[in-house]
Structures are given as C-alpha cells and as structure tokens.
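# Per-entry structural report
The primary structure of each chain is shown beneath.
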Amino acid sequence: ANGFLESDSVTVDLLEEESKENVTVTLGRGESITGSLHWNDGRPAVEVTVSAQFDVAHGVGLGGLNALRGAYAETVTDSNGDFTLFGLGKGPFVVSASSKAPLVSTTSDGSEPIQVRWQAQVGSVQPGTQGLQLTLVPPLSIAGRVVDEGDAPVEEFRIHYARSSDGPAGGLASKTSQRSKTFKSDEGQFVLEDFTPGSYMAWVQDDAHASEAPLSF
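Anyway, here's the lowdown on the structure attached to this text. (Residues numbered from 1 in each chain as written. Predicted model: local features only at pLDDT ≥ 70, side-chain atom pairs only at ≥ 80, totals over all residues. Heavy atoms only, no water.)

### What about the pairing of strand E12 (residues 200–205)?
Here strand E9 (residues 156–163) runs beside E12; their pairing, made up of 6 bridges, is antiparallel. Opposite Ala162, over in E12, you have Met201 as the bridge partner. Taken together, the 2 bridges between E12 and strand E13 (residues 215–216) define a ladder with antiparallel strand orientation. Paired with Met201 across the bridge in E13 is Ser216. (Pairing = 2+ DSSP bridges. Helix = DSSP H or I, 4+ residues; strand = E, 2+ residues; numbered from the N terminus.)

What follows is the structure, given as structure tokens:
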C-alpha cells in the first residue's frame, strides 16, 4: 500500500481442507521525507506528484540491500506545495517531481503557448530529512513553429535532430546519436525536450514540402 513500508512475511500453517480467518498483517509507516515544491518564480506547486526512489548511485555492495524494502513512495503536494513521503526504507533516495507548464505566458503571434515538462530533482536524500526544498525548472528545450513558403502552418511533420558533429553537415550520420519526433499541430507548433548542453542540428521532414537546410542551435 502506498505510504506504508512492506510488511514482514507472515507464516500460516494450513492442514488439508482447512481455512483460517482473522490473519493480521501489520504495515509500518517506515521512514519519511518532508519538504515543499515551488516553481522557479517562488509560487507553490499545487497538486503535483512527488516521488522518492532508491538512489541507484548508492547501490554498490551492501548498499544495494537497502533497495529491498521501502525503495519507492509517492504523494501529491497540498495547497502550499508541501509534501510528506511515507513508507520509506533505509535509502538514500532521489526525490523528484514534474509538471507541464508553458515556457512563456504569451507568444508574439498570439498562439497558445507550448506546454513543456518542468522538473525538480535532488539525489542522495536521507530518510528522515525534513524541509527538503524542490524547485521546478524548465527543461533544455527548443520550441517553435513550422510554416510553408506562404507562412501557413504545416500541420503534420517530423523533426530529426542530432549533435552538430553527428548531423548531415558534419558528415557523420550516426544512427545512435540521431533522434526524431513526429508532430501534429493545427498551428505547426513543436517542442523538443531532454537535451544536454551542446550544439545541435535539426532538419524537418514533410511529405508535401521539400526539405530545407539543417538548422543549427
């Protein structure tokens, strides 16, 4: 059950054609972690799921035994952005949260702002920690629109992207480093997320239009 530590095993001996009632299994609360979640402008993040998962960076040797019980818990923040995670084992844990929100409140062309997944994460958190502060920040992302020669939005397209040295311009078309994503949008909108810092190339594929030269960013 969420919020409780896994129970110890209970031994029940049964004879042939015997049944037993009123078997009691006790769940403990285990360890807990308390804290608060906010957006990067200081506003409390309300009704956002927060989770704690055993930090695999500490799973070497005997530390891995700590993942056997109470390795995961989740809860939802209250109206102040506060949360308490129960049912945790010995840890340590990675505490994380994510929620979709626009990168900007308004756009220059009046279109609806694109929603991206903001994230917060802290590792090596010990059980019993109180007052943990998490801040949701936007991902490294590229957002924009695809339009045709007449500035009309292209409603369905596919974007391929890779690090600059691995893209078409670099001459190293490594399939392992390239990624692609298909979009369907009445406004021609797209957002690419989950980047790591670096230089990238992107090119758009659409059956009805000729391919343009790769974009650098």
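Past the structure itself, the notes keep going.
### Points about the sheet that holds strand E4 (residues 82–88)
Reading across from one edge, E4-E1-E7 is the order of the 3 strands in this open sheet, with mixed pairing throughout. This sheet does not close on itself; its edge strands, each paired only once, are E4 and strand E7 (132–136). Looking at each pair of strands side by side, their axes are set apart by 30 degrees on average, direction ignored. Both strand E1 (residues 31–39) and E4 contribute to a ladder of 5 bridges, which runs antiparallel. If you follow Thr34 over to E4, its bridge partner there is Thr84. (Axes fitted to C-alpha atoms, helices over the stretch in contact; angles between N-to-C directions.)

### Points about the pairing of E1
Pairing geometry for E1 and E7, over 5 bridges, is parallel. Its bridge partner lying in E7, Trp39 is registered against Leu136.

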